[in-house]
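Structural features, examined
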Amino acid sequence: MSLILLLAIPILGGCLAWPAERVGKTWPRTISLATLAITLAIALPLLHPTNAAWLADLRLPWIPAFGMSFHLALDGMSWLLTILTLILGMFAVAVSWHEPADKPGFFHANLLWSLAGTIGVFLALDLFLFFYFWELMLVPMVFVIAIWGHENRRRAAIKFFLFTQGSGLLILIGIIALAFLHQRQTGQLTFDYFALLQHEPAGRFGFLIMLGLFVAFIVKLAAFPVHVWLPLTHTEAPTAGSVILASILLKTGAYGLLRFVAPLFPIAAHAIAPAAIWLGVASIFYGAILAYGQSDLKRLIAYTSISHMGFVLIGVFVFNSLAWQGVVFLLIAHGVSTGALFIIVGSVQHRLHTRDLNCMGGLWTDLPKLSSFGTFFILAAMGLPGLGNFVGEFLILRGAYPVAPVATIAAAIGLIPAALYSLIAIQRAFHGPPDPARHTHDFGMRENAMMLALAAAIIWLGIYPQPVLAVAAPALSNAADPAA
Amino acid sequence: MTQAAPLIILAGAIAALLAAIAIRRAALIANGVAALGLLAALAIMPAAASAPPIWTSLFSFGAAASGFIALILAASLLLLIIAAAYWPTAPTLPPEEFPLLLLIATIGACTLAAAASFITLFLGLETMTLAIIGMVAYPRDRPDSAEAALKYLILSGMSSAFLLFGIGLLELATGTLSLPDILTAPGNPMTLAAFALIGIAAGFKLSIVPFHIWVPDVYAGAPAPSGAYLAVIPKIAVLAILVRIGAMPGATLPPSAIQAITVIAMLSMLAGNLLALQQQNLKRILGYSSIAHLGYLLVAILAAGAVGHVAVVFYIVTYALTMIAAFGVIAMLSTAAVARDADRITDVAGLFWTRPALAAVLTLALLSLAGIPPAIGFIAKMYIFAAGIHTDLWLLIFTMIASSVIGLFYYLTIIIAMTQKPLADAATPLRIPAAGRLVLTLVSLAVFIFGIAPQPLISLVKAMFG
């Protein structure tokens, strides 16, 4: 029952926050924060020691005509991602505490609805329900970009919408074909995950279905060469939108691969694995090299996401529980570090009214706190040992080496350009002579508190990763390598 | 009680309306009588469905026909209310004749939907078309409307000629006008030619490629309530008769016809969406969009079978709800007295800031047309995909995906235009009549609720096909 609350509370909160702007400009943000806090309070206790594979399971009839049910379930992986969604959602609300000036109610309603859709994606175990939430999380985000984004927001919103929607149709076709194929084999029309797990659709047709889902998910993951929507979208979205996009929405692509593509199509997924791994390697290098060339700080961070998601793609397609744990871990660490980086870029833009690295330099003198946090999170994202991202990347590479040694070595070499773009970003933004004409104020209480919390999380993930790995492990060992 | 009770009540309402207009000209009375007539016809539907059959050589009021008639009546009622809210803004026009024309068109559509013979089919079609021409030309001082009506008149006349020629050939070849008899009669080249001619006429009414040229001009020129009627009712009625014929014994399409319909469907989807891309006029966009949507519907028609039929009806319900919502918003934003409706994208720009409720309704309608949850259009599109995949129509399915993605672009352009903050805060004070609010609320609730929980509607539609 509490699974429904995880969805219903954010949706209702959004419905409340929208009209609340008439009562007062500050009400929507308070309602959003409270909503997310309540949801988090419900979600946290759902993790309990159990021998069962699933922490919670709920099934209600929905569209019996097509064998679709309202089936939600929670395991360690979805619990971790749900918690990540809720916590970073709170940061997204907190970072836009004093904005937007226009229609704050609708803004917060859209944030909450998008988060609700994302939680639904992580919980749904009926494939059609999953797709429903997949679409649902998109539209509010388009509004956030289109209404409150930066100068080029129209194009960004349209590009984001077309890419995710268009690839979404591949999922829709894929799951309908999968369900009908299952019906032909067993006589029962169902979209239920557990039922569909029983029969892998064989042959060419099964491979094509898998390919459709695979393409849709790597579009969301923004792997090379279907990443083209990401830089523009992440750059033009308002800070809260960028945080949600990069920290949470990207993760749904990886989740889809882990939850659906690999278990539902073990044979077909193994067939495509070499290509997927090399796409991952290509993403690592492509993202890193393009990040190096950017002069827009926000765009630079957007490109680094492509690079990091390359590791995720490799990790998923080596099919062992070590690499999969690394994937889940990297998703969380990347969520935290990139979220923090987008918050910092948002603060810089708020203060300097530019994101252009050429106009920065010497920030350390003017904004010491902002700059030190910025440096810290850039180093974390780069994969500095002792911080969260390192653990995830290390586990992925460690798990991948026995399966695909050449690709793993190539991916590891990809850490060198990562160091390059990180250091160049730090140097151009924070070092150098300060601009004498710059009059601005450093981080205040609210921002310091947010940054400290995120930094603490990244350090904790880096030096004591075991609790997180222990939560994720049962979910992954059950699903991993059935064909091996 | 007879099965024809709804038709009889409609005919009575038309007579009563004529009498009422003769006694006293008042918009309220005229609209009231028309609305009561439609309501009464709708209310009698459940009782009529269980009555003994009547006039079986001319009509066939089975479950399918009754379902379509109920849909036509409900849609007409909603459109009547929109029209009643729209016309008072043009004080120089007589408001009483519009409901009369609407009732006449509706009785024509119901006749067509329940036809069992080419006689009733042709009578229904012509009654409907002629009344619609009057509705399109209703604002007599608008040159665009006159042009649209003339265009529609000439092309309708031509398609009727095709239809009549086809009917004549069929009668010559088979010696009967009854639909079931003709379908079971042995085929010969003459019947094939006849069906091709009839198909052209149907293609014109459904506005599919290559019979779509008239659509954008007529949609754009017609005043919003007439445009909505034109976009919704004839399509329901023609699809009703096609679906019913398709379900009759002996109605199998030859392979050549299937190939032809496949090509037409693909062209309609692509042409409708591609041509809409560059448009700046909402009604033209809706017109092109309707061409694409009829292309999608053809996929379900080709899929046939149990899933296909339900998909067709579910889709046409969705299409009707959505078009009524979209045209309803345009009608509420417009003033009938000026030379054109508020139908350009620039007219709705910034609507989110000035009139958020109307913007929300239009957004929901556009999401539904684009097939995105939580709007009902998503379920409808899923239904067509399901029907197509079930019968392995992969070429059509992939064309549909490609054209859907193209379609997203122009729907989203409108939505984003609505979200852009207007430069000057020049919100013109616009009072939306309660009747208009009622219809828009009802329609958007239906679009939203059936988008989340479609099962009741699916069960209802399934009941139409036993």
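Sequence order as written defines the numbering, with residues in each chain counted from 1. Starting at A for chains and at 1 for ligands, labels are handed out in the order in which the entities are written. Totals for whole chains, interfaces and linings use all residues, but because this is a predicted model, local features are given only for residues with pLDDT of at least 70 and pairs of side-chain atoms are given and counted only at 80 or more.

**Some points on the overall build of chain A**
Along chain A, the regular secondary structure elements total 21 helices and two strands. Here the globule rule is a power law, 2.2 Å times the number of residues to the power 0.38, and the radius of gyration is based on C-alpha atoms. Against the 2.2 N^0.38 benchmark of 23 Å for 484 residues, chain A shows a C-alpha radius of gyration of 21 Å, consistent with a compact globule. Along the longest, intermediate and shortest principal axes, the C-alpha atoms of chain A span 75 × 60 × 45 Å. Every C-beta atom is placed from the backbone, and the number of other C-beta atoms within 10 Å of a residue's own sets its class: buried at 20 or more, exposed at 12 or fewer, partly exposed in between. For chain A, with 484 residues in total, the buried portion stands at 60%. Contact between two residues is assigned whenever their backbone-derived C-beta positions fall within 7 Å. For chain A, the share of sequence-separated contacts (at least 6 apart) that also reach a separation of at least 24 residues comes to 80%. Helix and strand assignments follow DSSP, with helices taken as H or I runs no shorter than four residues and strands as E runs no shorter than two, numbered in order from the N terminus.

**Points about the overall build of chain B**
Counting its regular elements, chain B contains 20 helices and zero strands. Here the C-alpha atoms of chain B give a radius of gyration of 21 Å, agreeing with the 23 Å that 2.2 N^0.38 yields for 466 residues. Reported as C-alpha extents along the three principal axes, the dimensions of chain B are approximately 70 × 55 × 40 Å. Of all intrachain contacts in chain B linking residues separated by at least 6 positions in sequence, the fraction that spans at least 24 positions is 80%.

**Considerations on the interface of chain B and chain A**
Across the contact, 23 residues belong to chain B and 25 residues belong to chain A. If you list the elements that add at least two residues to the side of chain B that touches chain A, you get α17 (376–390), α18 (394–419) and α20 (455–464) of chain B. Looking at which element gives the most residues to the side of chain B that touches chain A, the answer is α18(B), with nine residues. Each residue belonging to the side of chain B that touches chain A can be placed in one class, and the counts come to 18 nonpolar, four polar and one charged. For this classification, the nonpolar set comprises Ala, Val, Leu, Ile, Met, Phe, Trp, Tyr, Cys and Pro, the charged set comprises Asp, Glu, Lys and Arg, and every other residue, Gly included, is treated as polar.

**A look at the packing of helix α8 (residues 189–206) of chain B against helix α10 (residues 224–247) of chain B**
Residues and elements named next belong to chain B. Between N-to-C directions, angles span 0 to 180 degrees; the directions come from axes that are lines fitted to C-alpha atoms, helices contributing only their stretch in contact. Contact pair α8 / α10: the axes reach a minimum separation of 9 Å and the direction vectors enclose 145°. Mapping the contact onto sequence places Ala-202, Lys-205 and Leu-206 in α8 and Pro-234, Lys-235, Val-238 and Leu-242 in α10. Looking at the contact of α8 with α10, its residues break down into five nonpolar, no polar and two charged.

**Some thoughts on helix α6 (residues 138–148) of chain A**
Where burial is concerned, most of α6(A) is hidden: eleven out of the eleven residues are buried. All of the buried residues in α6(A) are Leu138(A), Val139(A), Pro140(A), Met141(A), Val142(A), Phe143(A), Val144(A), Ile145(A), Ala146(A), Ile147(A) and Trp148(A).

**Things to note about the domain arrangement of chain B**
All names here are of chain B. Boundary definitions for the domains trace back to an automatic or database domain assignment. Its domain assignment divides chain B into domain 1 (1–160 + 212–235) and domain 2 (253–466). Once you take the C-alpha centre of each, domain 1 and domain 2 turn out to be 22 Å apart. Counting from both sides, the interface comprises 33 residues of domain 1 and, opposite them, 37 residues of domain 2. Every element with two or more residues in the side of domain 1 that touches domain 2 is listed here: α3 (63–86), α9 (215–221) and α10. In terms of residues, the side of domain 1 that touches domain 2 owes the most to one element, α3, which gives twelve residues.

**Remarks on the environment of Leu7(A)**
Residue and element names in this part refer to chain A. Structurally, Leu-7 is set in helix α1 (residues 2–20). A count of 20 C-beta atoms within 10 Å places Leu-7 in the buried class. Spatially, the C-alpha atoms of Leu-7 and Leu-123 are 9.3 Å apart, while their sequence positions differ by 116 residues. When near neighbours in sequence (up to four residues on either side) are disregarded, Leu-7 contacts Ala-116, Ile-119 and Gly-120.

**Overview of the nonpolar core**
Residues and elements named next belong to chain B. Buried Ala, Val, Leu, Ile, Met, Phe, Trp, Tyr and Cys residues form a nonpolar core when they are connected through C-beta atoms within 7 Å. Core analysis: the biggest nonpolar cluster contains 382 residues, and Ile-72, Ala-113, Ile-236, Tyr-315 and Ile-324 have the highest contact counts within it. No other element matches the 22 residues that helix α13 (residues 305–333) contributes to this core. Looking at which domains feed residues into this core, each of domain 1 (1–160 + 212–235) and domain 2 (253–466) gives three or more. What Ile-324 contacts, discounting residues up to four positions off in sequence, is Ala-75, Leu-78, Leu-79, Ala-228, Val-232 and Val-443.

**Some thoughts on the confidence of the model for chain A**
Predictor confidence is given residue by residue as pLDDT, running from a minimum of 0 to a maximum of 100. Residues of chain A with pLDDT of at least 70 account for 99%, and the chain-wide mean is 89. Counting interchain partners and residues more than four positions distant, the pLDDT-below-50 stretch residues 480–484 of chain A has eleven contacts.

**With respect to the environment of Val338(B)**
Residue and element names in this part refer to chain B. Note on placement: Val-338 falls in the loop between α13 and α14 (345–348). A count of 12 C-beta atoms within 10 Å places Val-338 in the exposed class. Between the C-alpha atoms of Val-338 and Ala-90, which are 248 residues apart in sequence, the distance is 7.9 Å.

**Examining helix α5 (residues 118–136) of chain B**
Helices are assigned an expected span. That span is 1.5 Å times one less than the residue count. Helix length check: α5(B), at 19 residues, gives a terminal C-alpha distance of 26 Å against a target of 27 Å (1.5 Å per residue), a fit within 8%. Turning to α5(B), its buried residues number three or more, namely Phe118(B), Thr120(B), Leu121(B), Gly124(B), Leu125(B), Met128(B), Thr129(B), Ala131(B), Ile132(B), Ile133(B), Met135(B) and Val136(B).

**A word on the pairing of strand β2 (residues 68–74) of chain A**
Residues and elements named next belong to chain A. Across the seven residues that make up β2, a large majority, five, are buried. DSSP calls a pair of strands paired once it identifies at least 2 bridges connecting them. Bridge count between strand β1 (residues 56–63) and β2: seven bridges; the pairing is antiparallel. For Leu-58, the partnering residue across the bridge sits in β2 and is Leu-72. Hairpin connection between β1 and β2: a loop of four residues separates the two successive antiparallel strands, and Gly-67 in this loop has a positive phi of roughly 65°.

**Things to note about the packing of α13(B) against α20(B)**
To describe two helices that pack against each other, one gives the angle between their axes and the distance between the axes. All names here are of chain B. It is the contact of α13 with α20, at a shortest axis distance of 9 Å, that shows an interaxial angle of 125°. As far as their axial angle goes, α20 and α13 are oblique. Seen from above, α13 lies across α20 with right-handed handedness. Facing α13, whose interface residues are Val-310, Val-313, Phe-314 and Val-317, α20 presents Leu-457, Ile-458, Val-461, Lys-462 and Met-464. For classification, angles of less than 35 degrees are called roughly parallel, those exceeding 145 degrees roughly antiparallel, those between 65 and 115 degrees roughly perpendicular, and all remaining angles oblique. Take the far helix as your reference; a near helix turned counterclockwise from it by less than a right angle gives a left-handed crossing, and one turned clockwise gives a right-handed crossing.

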